[in-house]
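Take a look at the letters that make up each chain.
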There are 2 protein chains.
Amino acid sequence: METNTATQAVAQAAISQNAITTIFVLAGLTIVAAFIYAAWLAKWVREQKNENKEIERIAGLIRSGANAFIRKEYTILAIFVAVVAVIIFLFLPGPVWQQPNITKNLNMTLCYIAGAVFSAIAGKIGLYVASLANARTAEAAMHGVEPAFRIGFRGGSVMGLLVVGSCLLGVMAVMLLVGDATALLAFSFGASSLALFAKAGGGIFTKTADVSADLAGKVELGIPEDDPRNPAVIADNVGDNVGDVAGMGADLFDSNVASMAAAVVMGTVLDGGTGTNVMMVFCYAALGLLASLVGIATAKVSDKGTPTGALNSSTYVTTAVFLVLTALATLIFPIFQWRIWGASAVGLMVGVIIGLATNYFTDDSKPIVPKVAHASKSGPAFTILSGVSYGFLSVAPAMVGIALSALIAYKLCEPLGPGYAMYGISMAAVGMLSIVGTIISSDAFGPIVDNARGLAEMGGLGEETIRNADELDSAGNTVKAVTKGFAIGAAGLTVISLLGAFMSEVNVSLTEMGRLDELLTGFNIIDPTVFFGILVGGAIPAVFSAMLILGVDKNAQRMIAEIHRQFTDIKGLKEGVEGVEPDYNKCIDIATEGALKELIPAGLVAILATVAVGFVGGVNAVGGYLLGNIVTGLLLALFMSNAGGLWDNGKKYIEAGNMGGKGSDAHKAAVIGDTVGDPFKDTAGPSINTQITVVSLVASLLATIFLNWSIF
Amino acid sequence: METNTATQAVAQAAISQNAITTIFVLAGLTIVAAFIYAAWLAKWVREQKNENKEIERIAGLIRSGANAFIRKEYTILAIFVAVVAVIIFLFLPGPVWQQPNITKNLNMTLCYIAGAVFSAIAGKIGLYVASLANARTAEAAMHGVEPAFRIGFRGGSVMGLLVVGSCLLGVMAVMLLVGDATALLAFSFGASSLALFAKAGGGIFTKTADVSADLAGKVELGIPEDDPRNPAVIADNVGDNVGDVAGMGADLFDSNVASMAAAVVMGTVLDGGTGTNVMMVFCYAALGLLASLVGIATAKVSDKGTPTGALNSSTYVTTAVFLVLTALATLIFPIFQWRIWGASAVGLMVGVIIGLATNYFTDDSKPIVPKVAHASKSGPAFTILSGVSYGFLSVAPAMVGIALSALIAYKLCEPLGPGYAMYGISMAAVGMLSIVGTIISSDAFGPIVDNARGLAEMGGLGEETIRNADELDSAGNTVKAVTKGFAIGAAGLTVISLLGAFMSEVNVSLTEMGRLDELLTGFNIIDPTVFFGILVGGAIPAVFSAMLILGVDKNAQRMIAEIHRQFTDIKGLKEGVEGVEPDYNKCIDIATEGALKELIPAGLVAILATVAVGFVGGVNAVGGYLLGNIVTGLLLALFMSNAGGLWDNGKKYIEAGNMGGKGSDAHKAAVIGDTVGDPFKDTAGPSINTQITVVSLVASLLATIFLNWSIF
């Protein structure tokens, strides 16, 4: 069997050299095209009208606040990355003093740093363009929905194209320059490190500011939302950008790299030097980027259309183009297999289905949101209970969908030979993430138009403009719920393939050490070390979420105290005396420092638990640990994101005049639900993805160490 | 190796016949002693003073309400049991028309019915005695805490002794009369069927009544709690009995039978006809019952002691006596092994540790409750967020504890030979459940003194009496949180061994069919059918919980409508005109019918999902499904029980005068938290145990069918 495969491989290698060159060129050209298009879009956004002085002033405050956060975050991140880099250099893939030469460890270290830097640069530029786009979108909304939509969406698209382009560039560069799949895991871990800070840190920041601004401003002092007297108001707007634009971008960068890394790790083992399966990963990713380019370029609010329709059709266009292009590639390149195309198509379709299911549970035109709004009439306890219940129910379609897509992908690819089945699952994840460029664009559109709406109000652009901005904002919210479901689904499939990658890594290490009789064929549930790992891993997402939510809580207490201080100490602030301004930066500082301070213990718990489980039960326990982490992580991530979205839209549904409308008891109850949902959906829920990825990568990187030192 | 074991087994059989006879006699005598002691306690409780007419009248209403519920429940249960019995007769262990004779199927059917009937009788008698004890406890509280404690605890002990005694009797009878471990699974399934109705149905009943009485009475109409004008007030008190006494009893009967069944199934395979390992299960269970007898008999509030202290010391006495007795048995009987004693000791110790951890998170003398109370000062959203966070954190010690105890038990028993490791885990579960007689006694004490407190107030027994009853009530609440943690921990270990039992059943079937090359050695996470099962199984506890909570919600809406109707239709009711009484029974009927109506779909979803997964992915998918179910089931059960207990005690902490005391904003927020926590801790949380057990047993019973028909 093995000789047979080897012979075939050599034959294939001869045929496929052309194909490989073609794919490299194609992928390179796509990346260049994406960067050029992103640059053109950024330039175009910059050139749009930006004449209202007051808007420009406030937008400037938001921009500088976001920059302050990013600067602080990147400073701390640099320290973190430096420490981890030293650890990697000393110990990975093996102790540096035992290596024949230090190149391997050096490569790992550099790849790790590169992963973090690539993600950071993409995030920073995207954030910059988004913060330019908000003011211009607000002004464009004076002339209608369509021109405002175009600026908002193009602003978001810069982020989408940069993230996906730099992701593909980074992964290909690592494989070209280092040529080692393990180094790719280090690159992926770098991206995850950044995502952990960006998503969880940004999540704590944004909800700290949101909750504090509401509680101290609206509730206690009775001043309206977005009132410039409120010292937390700029921090609140900054939060939208750092949480949603930078955070979600880093999160999807992370998932995207991780899914490609897992597929490449398994593809490398299958390839035996020919590179065909690895090339397939690059080809699919490149075609996904190309499809996103088309989807982004064609997004447009037609005469009779809505912004939501435009965003959705852009997603559908991307999906269709991707399926057609990859089918063509499979036709043209003899090294490609239809079964693998099938696996990635299944992944993509399931991604869309999960998005639709999320929509069912969180969109106010569907039956669930009105039910929660109705329950609010009986008081806040019923808002919470019904939201929790429907949140729990919403978990089922996504989990069953992920389960089925993994099963179908596996069974489709199993006949291709040993190892292809798991590779099929990883290609399903690559397929699901193929349209991520469009997804990020839609997602970054949300906070841009949200900011624009606030700016239109603060800048006094009139009723008509605010109504237009409102329409865009509502489209942004609907799409956000869907993309969040999509992100979690994609992460689900990705981490399954990371579990496969972990096993590959263990077996590679065992082979290198000559311990061939210990080669893993899987992780047996009945093995008590595996079971031990499963239960401990299952507890971690709950602990991680709890620490983040408590972090928001503690941080908000600090910020509220600061708001009180400013209203006491700064004379004339409360009364709105001309020229008296709050100290916005102080609030931004508190949110920033608190976010990073609260985040670090949560991240460390997850990482140290992985290490502890590895030292107690070895690689078997770690395999179980990853599984437990995936199962409860998916459950809690879906539950918290969906329940949060549901409460948010339930409140908006009541505010639109249902169940007694604004100011009714039902509305008060719904506001409480929304406050509970805020850290659920914007802090803990979406951070769990990153937590799972970080833990999976730590496990893969430390595989050799766990093989050599463990109690059981 | 195998011949060696067989020779040893024959030799052992000769030595051990004496030991087996001794154990049978010992176990039989213990059961008789337990029943006699229970009868004496029941008689003693009956003979206590019961002179206050008003109290007796209200107690009579509660008693007849509980009977009405039980009658209705048992009627529906009888239909359910009949339908399942027919299915079992037709198909299990194999299609009846393919069997050489129908005895096997008939035995299975009869054992199933017996399991349900045994549990039902124990529940019915325990409930009867508890409903006698409440009035008498109230009167005794006039003379001090000690005499009242004695009546309350002895009333609860009747339930504890009956449950454990009839459980051991049933299991031994099945093994003596039928001698087939699979039939024991049918017996266990019968007990689970009842537990599902009693625990989940009772849970929906009790929270429907509680929430409706509070919402329509206290909040809307402004009449005090336990006011006899409220049509739901009797239903509320009935709920305490059917939820906590009957429900918790059935739940622990179920866990206890299941843990013994799992140990016996695995022990039978190991024994090869000698019966030594099976006897060990019976011996440990009998010694546990004996230890509980001692623990119950010695429980007493000393001069300087508190009721909580008395309940705790009774648990510690039982634990110590059990450890000493089993150590002695291991010394005396040559067939017993010290390693297995170690496994069961580890199980028991972990049970105690889980109880203490639960106590840390839910007792108001520990730091967490005051923190949640403090968060309530910022409003109800913070009550909810902090409760959810600490609820999530509270999951970790229990899950790690269960994981460690399973690992240690496995590793301890592994050297005894193949198969002993899983058997060791099942003996850890048996060890953990050994003290269940005392646990149920403490647990049933709670609702008795809770009722007694209400009766003392309604019967006008004066300040001093109410204060005494309050002290007992508070002890009941503290202990309840601990026993609930204990019950979940025990269920956790039990279902792990049920997973082992499922694998045993599959292998027995495969052996009978001659498909020896397919024998299972476990379930591989990397196998996509297993993984598919894991994700689907992981979603089920969330769906099941959601359906129960929504059931409480819907049912409460119906009951509130009825309360409104009575206040409108019955003239003079609201004003409290002498002689005008509400129609209490109507509310009891609504709660009863609604509870059973809402419960059935939830139970069916869990069962049908198991069947669907089995037909899609076969036994491998089912193995994964059980694992996923266990992991997220434990997580959600612990989370909901602990968060609920935390909110409850947070409210009480504020009512005791902290954070502004009763009527403050913090108190209002805490009341909302408590209302959310009610269905968490009394409906969904503790029902998940039963859901997991039911699903595990369905899987084991249908193993042969899944082996023959599945898509993948």
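See above for the structure.
I will try to describe carefully the structure that is included in this document. (Residues numbered from 1 in each chain as written. Chains lettered and ligands numbered in written order. Predicted model: local features only at pLDDT ≥ 70, side-chain atom pairs only at ≥ 80, totals over all residues. Heavy atoms only, no water.)

Quick look at the overall build of chain A now. Looking only at helices and strands, chain A features 18 helices and 0 strands. Scaling as 2.2 N^0.38, a compact globule of 712 residues should have a C-alpha radius of gyration of about 27 Å, and chain A matches this with 25 Å. By its C-alpha atoms, chain A is 80 × 55 × 45 Å across when sized along the principal axes. When the 712 residues of chain A are sorted by exposure, 67% land in the buried category. (Helix = DSSP H or I, 4+ residues; strand = E, 2+ residues; numbered from the N terminus. Rg over C-alpha atoms; globule rule 2.2 N^0.38 Å. Buried < 20%, exposed > 50% of the residue type's maximum accessible area, 1.4 Å probe, protein only.)

Our focus in this paragraph is the interface of chain B and chain A. Taken together, the contacts link 69 residues of chain B with 69 residues of chain A. Of the roughly 6200 Å² buried between chain B and chain A on both sides combined, carbon and sulfur atoms contribute 87%. When the buried area of chain B at its contact with chain A is split by residue, B:F392, B:I526 and B:L535 rank highest and sum to 11% of it. Between the two partners, chain B and chain A, sit 0 salt bridges. Linking chain B to chain A there are 6 residue pairs in polar contact (both at pLDDT 80 or more). At the level of secondary structure, the elements contributing two or more residues to the side of chain B that touches chain A comprise α5 (181-221), α11 (380-413), α14 (463-512), α15 (528-569), α16 (584-655) and α17 (665-701) of chain B. Broken down by element, the side of chain B that touches chain A gets its largest block of residues, 21 residues, from α11(B). For the side of chain B that touches chain A, the class distribution of residues is 53 nonpolar, 14 polar and 2 charged. (Contact = heavy atoms within 4.5 Å. Buried area = accessible area lost by both parts, 1.4 Å probe. Salt bridge = Lys/Arg side-chain N within 4 Å of Asp/Glu carboxyl O. Polar contact = N/O pair within 3.5 Å; in protein donor to acceptor, adjacent residues only side chain to side chain. Nonpolar A, V, L, I, M, F, W, Y, C, P; charged D, E, K, R; others polar.)

Another aspect to go through is the relation of the copies chain B and chain A. In screw terms, the move from chain B to chain A is a rotation of 180° and a rise of 0.0 Å along the axis, fitting with an RMSD of 0.0 Å. Expressed as an axis order, the relation between the two copies is that of a two-fold axis. Ranked by how close their C-alpha atoms come to the rotation axis, the residues of chain B are headed by B:N524, at 2.2 Å. Most of the interface of chain B is mirrored in chain A: 100% of its interface residues are interface residues there too. (Least-squares fit on C-alpha atoms with pLDDT ≥ 70 in both.)

Further remarks concern the packing of helix α2 (residues 53-91) of chain B against α5(B). Residue and element names in this part refer to chain B. Running from amino to carboxyl end, α2 crosses α5 at an angle of 145°, the nearest separation of the two axes being 11 Å. The element α2 and its partner α5 pack so that their crossing is right-handed. Along its contact with α2, which presents F69, E73, Y74, I76, L77, F80, V84 and I88, the element α5 presents F189, S193, L194, F197, A198, G201, G202 and F205. Residue composition of the contact of α2 with α5, by class: 12 nonpolar, 3 polar and 1 charged. (Axes fitted to C-alpha atoms, helices over the stretch in contact; angles between N-to-C directions. Left-handed = near helix turned anticlockwise from the far one by under 90°.)

So, about a nonpolar patch on the surface. Residue and element names in this part refer to chain A. A contiguous nonpolar patch, built from I79, V83, V86, I87, L90, F91 and W97 and spanning about 660 Å² of accessible area, is present on the exposed surface. Turning to its location among the elements, W97 is positioned in the loop between α2 (53-91) and α3 (103-140). Note on W97: relative accessible area 57%, which makes it exposed. (Patch = residues over 30% accessible without salt bridge, like charges linked within 9 Å, V, L, I, M, F, W, Y side chains within 5 Å. Areas by Shrake-Rupley, 256 points an atom, 1.4 Å probe, with all protein chains shown as cover.)

Our next topic: helix α6 (residues 233-271) of chain B. Residues and elements named next belong to chain B. The end-to-end C-alpha distance of α6 is 55 Å, a good match for the 57 Å that 39 residues give at a rise of 1.5 Å each. At G247, α6 is deflected by roughly 30°, the largest bend along its length. Taken across its 39 residues, α6 has 37 buried, putting it largely inside the fold. (Expected span 1.5 Å × (residues − 1). Bend = angle between axes of the 7 residues up to and from the residue.)

In this section: the packing of α3(A) against helix α5 (residues 181-221) of chain A. Helix-helix packing is described using two parameters, namely the angle between the two axes and the distance between the axes. Residues and elements named next belong to chain A. Packing of α3 against α5 leaves a shortest axis separation of 7 Å and a crossing angle of 40°. What the angle tells us is that α3 and α5 run oblique. Helix-helix and strand crossings are classified by hand; for α3 and α5 the assignment is right-handed. Taking contact as the criterion, the partners of M108, C111, Y112, A114, G115, A116, F118, S119 and A120 in α3 are, on α5, T182, A183, A186, F187, F189, G190, A191, S193 and L194. (Parallel < 35°, antiparallel > 145°, perpendicular 65-115°, else oblique.)

Let's shift gears to unusual backbone geometry. One non-glycine residue, A:M659, adopts positive backbone phi at about 50°. Assessed through its relative accessible area of 23%, A:M659 is described here as partly exposed.

Right, let's talk about the side chain of B:N52 for a bit. Relative to the elements of secondary structure, B:N52 occurs in the loop between α1 (2-47) and α2. The residues touching B:N52, leaving out its near neighbours within four places in the chain, are B:E139, B:G459 and B:L461.

What follows is about the side chain of B:N629. Residue and element names in this part refer to chain B. Its location among the elements puts N629 in helix α16. Judged by its relative accessible area of 0%, N629 is buried. A distance of 3.1 Å separates a polar atom in the side chain of N629 from a polar atom in the side chain of Q691.

So, on to α17(B). Every α-helix carries 3.6 residues per turn, so stepping three or four residues along brings you back to the same face. Residues and elements named next belong to chain B. Here α17 contains 37 residues, and its C-alpha end-to-end distance of 54 Å stays within 8% of the 54 Å for a straight helix at 1.5 Å per residue. Along its length, α17 shows its largest kink, about 35°, at K681. For α17, the tally of buried residues reaches 34 of 37 residues, placing the bulk of the element in the interior.

Looking now at the pattern of salt bridges. A complete count under the given rule lists 48 salt bridges over all chains for this structure. The partner of A:K652 in a salt bridge is A:D648, with the nearest N and O atoms 3.3 Å apart. Taken together, the positions of A:K652 and A:D648, both in helix α16 (residues 584-655) and 4 residues apart, correspond to about one turn of that helix. B:K681 is the partner of B:D648 in a salt bridge, and the nearest nitrogen-oxygen pair spans 3.7 Å. One end of the pair, B:D648, is in helix α16; the other, B:K681, is in helix α17, with 33 residues separating them in the sequence. An identical accessibility class is assigned to B:D648 and B:K681; each is buried.

Residue and element names in this part refer to chain B. A full pass over the atoms with the stated rule returns 34 aromatic pairs over all chains. Where W338 meets W341, the ring centres are 5.5 Å apart and the plane angle is 80°; that geometry is what we call edge-to-face. Here W341 and W338 lie together in helix α9 (residues 338-362), a separation of 3 residues that amounts to about one turn. Ring centres of Y420 and Y423 lie 6.1 Å apart, and the angle between their planes is 90°; this geometry places the pair in the edge-to-face category. One end of the pair is Y420 and the other is Y423, both in helix α12 (residues 420-433) and 3 residues apart, which spans about a single turn. Under the relative-accessibility criterion, Y420 is labelled buried at 14%. (Phe/Tyr/Trp six-rings, centres within 6.5 Å; stacked < 30°, edge-to-face > 60°.)

That is the geometry; function is a separate question.
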